[in-house]
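Architecture and fold: a report
One-letter residues, chain by chain:
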Amino acid sequence: MNLYMTGEKDAAYQAQFKDQLSILRYAPDAVDVMPTTVSKASGILKIKARLHQPSAPVYVFGDQNNDLSMFDLADYGIAMRQSSDPLKQKAAYVATSAHGVLEGLKHYQLIK
């Protein structure tokens, strides 16, 4: 779920729901709210398990802090040009154009 709220309430919500919800700010006025057992990384792990491909390389694309969990798990993290600084720091490649997904796919020779 996305909530739109300012940052001054973050600490109160984090404290109130710390054992139930993961509350992650991804923009100045927006947060993602998920059960603590759910993340983009957990989704990737479930897909790999379902496909019986635990060692398959993982390429991920993202632009905000709500993508950090999958960048931690990925073999290749591609950050968009306008990405948050924390995401760019974790990225293996940072796009330089407005077409970051296409650029990343070409960079890793996944398409021509």
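This write-up is about the structure you can find in this document. (Residues numbered from 1 in each chain as written. Predicted model: local features only at pLDDT ≥ 70, side-chain atom pairs only at ≥ 80, totals over all residues. Heavy atoms only, no water.)

1. Observations concerning the environment of K88
- Summarising the element assignment, K88 is placed in helix α4 (residues 85-90).
- In this structure, the C-alpha to C-alpha distance between K88 and G62, residues 26 residues apart in sequence, is 9.3 Å. (Helix = DSSP H or I, 4+ residues; strand = E, 2+ residues; numbered from the N terminus.)

2. So, helix α5 (residues 100-107)
- Turning to α5, its buried residues number three or more, namely G100, E103 and G104. Down the axis of α5, the buried set is contained in an arc of 95 degrees. They therefore lie on one face.
- Where α5 is buried, its residues contact β4 (59-62), β5 (76-79) and β6 (93-94).
- Within two residues after α5, Q109 carries a phi angle of roughly 55 degrees, on the positive side. (Buried < 20%, exposed > 50% of the residue type's maximum accessible area, 1.4 Å probe, protein only. Arc of directions from axis to C-beta. Contact = heavy atoms within 4.5 Å.)

3. Some words on the pairing of strand β2 (residues 21-27)
- Alignment of β2 against strand β3 (residues 30-35), held across 6 bridges, turns out to be antiparallel. Looking across to β3, one finds that R25 is bridged to V31.
- Between β2 and β3, which pair antiparallel and follow one another directly, the connecting turn spans 2 residues. (Pairing = 2+ DSSP bridges.)

4. What about unusual backbone geometry?
- Of note, H52 is a non-glycine position whose phi angle comes to about 55 degrees, a positive value.
- The class of H52 is exposed, set by a relative accessible area of 66%.
- Even without being glycine, Q109 reaches a positive phi, approximately 55 degrees.
- Locating Q109 in the fold gives a position in the segment after α5.

5. Overview of the pattern of salt bridges
- Tallied over the full model, the rule gives 3 salt bridges.
- The shortest N-O distance in the salt bridge between K40 and D67 comes to 2.5 Å. Note that K40 is positioned in helix α2 (residues 40-50) and D67 in the loop between β4 and α3 (68-73), a separation of 27 residues in sequence.
- Overall, K40 belongs to the partly exposed group, its relative accessible area being 34%.
- In this structure D67 comes out as buried when scored by relative accessible area, which is 3%. (Salt bridge = Lys/Arg side-chain N within 4 Å of Asp/Glu carboxyl O.)

6. Focus: a nonpolar patch on the surface
- Taken together, the side chains of L102, L110 and I111 present a nonpolar region at the surface, about 230 Å² in accessible area.
- Residue placement: L102 occurs in helix α5.
- The exposure class assigned to L102 is partly exposed, which follows from its relative accessible area of 41%. (Patch = residues over 30% accessible without salt bridge, like charges linked within 9 Å, V, L, I, M, F, W, Y side chains within 5 Å. Areas by Shrake-Rupley, 256 points an atom, 1.4 Å probe, with all protein chains shown as cover.)

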